[in-house]
Amino acid sequence: MSREFGWIRPEPWGIHVVPADCWIDPARPVERALVTHGHADHARGGHGETMATAETLAIMKLRYATDDGAVPVAYGETIALPGGVAATWVPAGHVLGSAQILLEHAGERILVTGDFKRRPDPTCAPFEITPCDVLVTEATFGLPVFRHPPVEHEIAKLTGALADNPERCVLVGAYALGKAQRLIAELRRAGHSDTIYLHGAMEKMCRLYEEHGVDLGDLALVSDVKKPNLAGTIVVCPPSALNDRWSRRLPEPITAMASGWMRVRQRARQRMVELPLVISDHADWDELTRTVSEVDPVETWITHGREEAMLRWCQLNQRRARALALVGYEDEDD
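All of the points below concern the structure found in this document. (Residues numbered from 1 in each chain as written. Predicted model: local features only at pLDDT ≥ 70, side-chain atom pairs only at ≥ 80, totals over all residues. Heavy atoms only, no water.)

1. Some details on the packing of helix α6 (residues 285-295) against helix α7 (residues 307-316)
- Contact geometry for α6 and α7: axes closest at 12 Å, N-to-C directions at 40°. As summarised for this structure, α6 and α7 are arranged oblique, according to the angle between their axes. Crossing of α6 over α7 shows right-handed handedness. Residues Trp285, Leu288, Thr289, Val292 and Ser293 of α6 touch α7, and the partners they reach there are Ala309, Met310 and Trp313. (Axes fitted to C-alpha atoms, helices over the stretch in contact; angles between N-to-C directions. Helix = DSSP H or I, 4+ residues; strand = E, 2+ residues; numbered from the N terminus. Parallel < 35°, antiparallel > 145°, perpendicular 65-115°, else oblique. Left-handed = near helix turned anticlockwise from the far one by under 90°. Contact = heavy atoms within 4.5 Å.)

Printed below as a string of structure tokens:
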């Protein structure tokens, strides 16, 4: 690590802000945690104090039944931490309430992106470019093969399959936090106004989004409708329910899945997905490299994914970079 940025220390279980003795997205309980967003590989209970956006704290309360020591922070708000450190939460465009965290100390600025994407999303605040000296970036889709298509193209595939098969339903596997709500909102934006049906595991998070001002239109539970009435409809469920006994109550479902990993054909085959939808809440290769170029940091630290290719790209573009070895960060929210 460069000596000039020695006040922030990447550890296997999180990023330690040494002068303030706090951690960003720690993988184990700590006295003070700064949390970027509500997915389980970044947000955990058991901390003495948790600083995050109000939306992220609400998600944590719903998912993990924890709100002890919750400190809500608004976008753009700067919090004075011990040791002369200032922390500011900046929109990340990943899911509802997601934030980058800008840390300032001794005249230096370090930005931790958490998970992010650059594409418009009707369910969350858009990503903001923030100048810094060190950019700590995710690299979930940090390979040149990952170039996500326009979301409009994937939504058209979904509605086209529905129109071509009026006697069947389209069953879409989507993660319960972020992906499901974005999928529904994009369908509404494309003009699909019919009732969208939900697996019971999706309902509470969808209602939380609605409570925070995200309009998802008319939603209903599959369990409240008879099987014949589900023909010609879209049903959203957790990926784990795509091919289990629950799906047998549906009329000849066309199985679909919304994920950036659907770019990889083997992943679609493994999940027995008929209609792969490449819709991701993470930045793709072009978004990752464009972000590094636009932020133009002195150093780039790469984590949460395919670090090697991003590291090589930085080297080829005469940019100082290093890969971090953090543990416990998975693709729950792809």
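2. Re helix α2 (residues 151-164)
- In a regular helix each residue adds 1.5 Å, so 14 residues correspond to 20 Å; α2 covers 20 Å between its end C-alpha atoms and thus fits that length.
- For α2, the complete set of buried residues consists of Val151, Glu154, Ile155, Leu158, Ala161 and Leu162. One face of α2 carries all of its buried residues, which in axial projection span an arc of 120°. Opposite the buried face of α2, at more than 90 degrees from it, the exposed residues are Ala163 and Asp164.
- Those residues of α2 that are buried lie in contact with β12 (170-173), α3 (179-189), β15 (234-237), β16 (254-258) and β17 (275-277). (Expected span 1.5 Å × (residues − 1). Buried < 20%, exposed > 50% of the residue type's maximum accessible area, 1.4 Å probe, protein only. Arc of directions from axis to C-beta.)

3. Some thoughts on unusual backbone geometry
- At alanine 106, a residue that is not glycine, the phi angle is positive and equals roughly 55°.
- Here alanine 106 lies in the loop between β9 (99-105) and β10 (108-112).
- On the basis of relative accessible area, alanine 106 is assigned to the exposed category, the value being 67%.
- For aspartate 296, which is not glycine, the phi torsion reads 55° and is therefore positive.
- Position of aspartate 296 among the secondary structure elements: in the loop between α6 and β18 (299-305).

4. A short note on the packing of aromatic side chains
- One pass over the structure, following the stated rule, counts 5 aromatic pairs.
- Here the aromatic rings of tryptophan 13 and tryptophan 23 are separated by 6.2 Å at their centres, their planes lie at 40°, and the arrangement is tilted. On the criterion of sequence distance, the pair formed by tryptophan 13 in the loop between β1 (8-11) and β2 (14-17) and tryptophan 23 in strand β3 (residues 22-24) is long-range, its members being 10 residues apart.
- The exposure class assigned to tryptophan 13 is partly exposed, which follows from its relative accessible area of 26%.
- Three or more aromatic residues link up through ring pairs in this structure, and these residues are Phe141, Phe146 and Trp261.
- When the ring centre of tryptophan 13 is taken as reference, the NZ or CZ atom of arginine 28 above it lies at 3.9 Å.
- A cation sits over an aromatic face here: arginine 322 above tryptophan 301, 5.2 Å from the ring centre. (Phe/Tyr/Trp six-rings, centres within 6.5 Å; stacked < 30°, edge-to-face > 60°. Lys NZ or Arg CZ within 6 Å of the ring centre and 35° of its normal.)

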